[in-house]
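Notes for the structure review
Next come the chains, spelled out residue by residue.
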Amino acid sequence: MDSYKVSPNNAYRYGTNLTNNNELRIVMVGKTGIGKSASGNTILGRPCFESKCSAKSMTVNCSKCNSDVDGQQVAVIDTPGLFDTRFRKDGTTKDLSLCITYAAPGPHIFLVVISVGRFTEEEKHSVQWIQETFGKSADKYCMVLFTHGDNLESSIEEFLSESPELQELVSRCNGQYHVFNNKLKDKKPQVIELLQKIRNIVKRNGGSHYTNEMFQEAERAIEEKKQRILKEKEEEIRKQKEELERKIQEKYQTEMQKYQKQLQAEREREKKEREEEMKRMTEMMNKQMEREKEREREWEREKREMKNREREMERKMRKAATSEDFNLFTDVGKVVDDSVKLVTNP
């Protein structure tokens, strides 16, 4: 990406309609401990902001200092360090927002301060954070300021060419950048060059500055984003709730189906057992009835045999009555009669 090359240090070739009597308002933003306060002091030409080598941010609130720099009225607003672990992100964002009040009626430039050296993941998000806080319109009011220029082993252009991420960052900041070496005894030339570059950006922006209306629009966009995220989160929660309810319902239905199958199987088993029991009872009853019928049949046979014997005896008796044996029976009868008479008539 070569977009950062659109404005190498040839800033003086641009004209400007900003006279030296107008105030240039500069807001310093960047990661904790990279030299924002020291750079602000360098721009103002006097020790205004507390600055020392420390991993902890010396600036915990927005602060503002003014100075006349080579006939130019300059106001520098120092801000708390981005990504300071002592403060929550929303607190730091709120403090950054206050700089609009300090820079009223609005800053001409946001100086994104980055130390020459390792380009960290946090610094990659610096411009994104500025954009999130101040809106996309802030991009055209941004410029990168590299500190610790004494650490450069080559030109700043060569340093940039080695890092596509830095090129992207510079590109999003009007393609403008500047290098500070705060260890130089005579710091004025680099300050004058920086101010001229800022004037050129102001010229490019039609003499305008970042306004409160832009900030209010950014706040509206932030609020809309929050509401959209909240709505999306609510929608996500609603979907998760529905999914959970669906899974619970599916589990309930599965358990109910399993229970119904078990219940149906139990009913079928009981029905089968009852049917088998009924079958056994029926078979037993049928056998009992069969035995009863067999006894009835046996009784009928015996009755028939008895009748047959009776008929046979009657037949024999009738036959005997007509045979010679009848005489014998008659003689016997007479003997019996005579005996009776003797007994009754002695």
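All of the points below concern the structure found in this document. Here the structure is a predicted model, which means the values were calculated and not measured. (Residues numbered from 1 in each chain as written. Predicted model: local features only at pLDDT ≥ 70, side-chain atom pairs only at ≥ 80, totals over all residues. Heavy atoms only, no water.)

**Here's the deal with the state of the cysteines**
Going through the model one piece at a time under the given rule, you end up with one disulfide. In this structure Cys-142 is not part of a disulfide, and its nearest cysteine sulfur, from Cys-173, lies 4.7 Å away. Judged by its relative accessible area of 0%, Cys-173 is buried. (Disulfide = S-S within 2.5 Å. Buried < 20%, exposed > 50% of the residue type's maximum accessible area, 1.4 Å probe, protein only.)

**Brief notes about helix α7 (residues 188-204)**
With 17 residues, α7 should reach 24 Å at 1.5 Å per residue; the first-to-last C-alpha distance of 24 Å fits that figure. Three or more residues of α7 are buried, namely Gln-190, Val-191, Leu-194, Leu-195, Gln-196, Lys-197, Ile-198, Arg-199, Asn-200, Ile-201 and Val-202. (Helix = DSSP H or I, 4+ residues; strand = E, 2+ residues; numbered from the N terminus. Expected span 1.5 Å × (residues − 1).)

**Some words on unusual backbone geometry**
The peptide bond linking Ala-104 to Pro-105 adopts the cis configuration, its omega dihedral lying at 5 degrees. Position of Pro-105 among the secondary structure elements: in the loop between α2 (89-102) and β4 (109-115). The phi angle at His-148 is positive, at roughly 55 degrees, despite the residue not being glycine. Summarising the element assignment, His-148 is placed in the loop between β5 (142-147) and α5 (156-161).

**Quick word on the sheet that holds β4**
As summarised here, the arrangement of the six strands in space is β2-β3-β1-β4-β5-β6, forming an open sheet in which the pairing is mixed. Two strands in the sheet have a free side with no partner beyond their single neighbour: β2 (63-69) and β6 (177-179). Each strand of the sheet is rotated relative to its neighbour by a mean of 25 degrees, with strand direction disregarded. When strand β1 (residues 24-30) meets β4, the two strands line up parallel, connected through five bridges. Note that in β4 the partner of Ile-26 across the bridge is Ile-109. (Pairing = 2+ DSSP bridges. Axes fitted to C-alpha atoms, helices over the stretch in contact; angles between N-to-C directions.)

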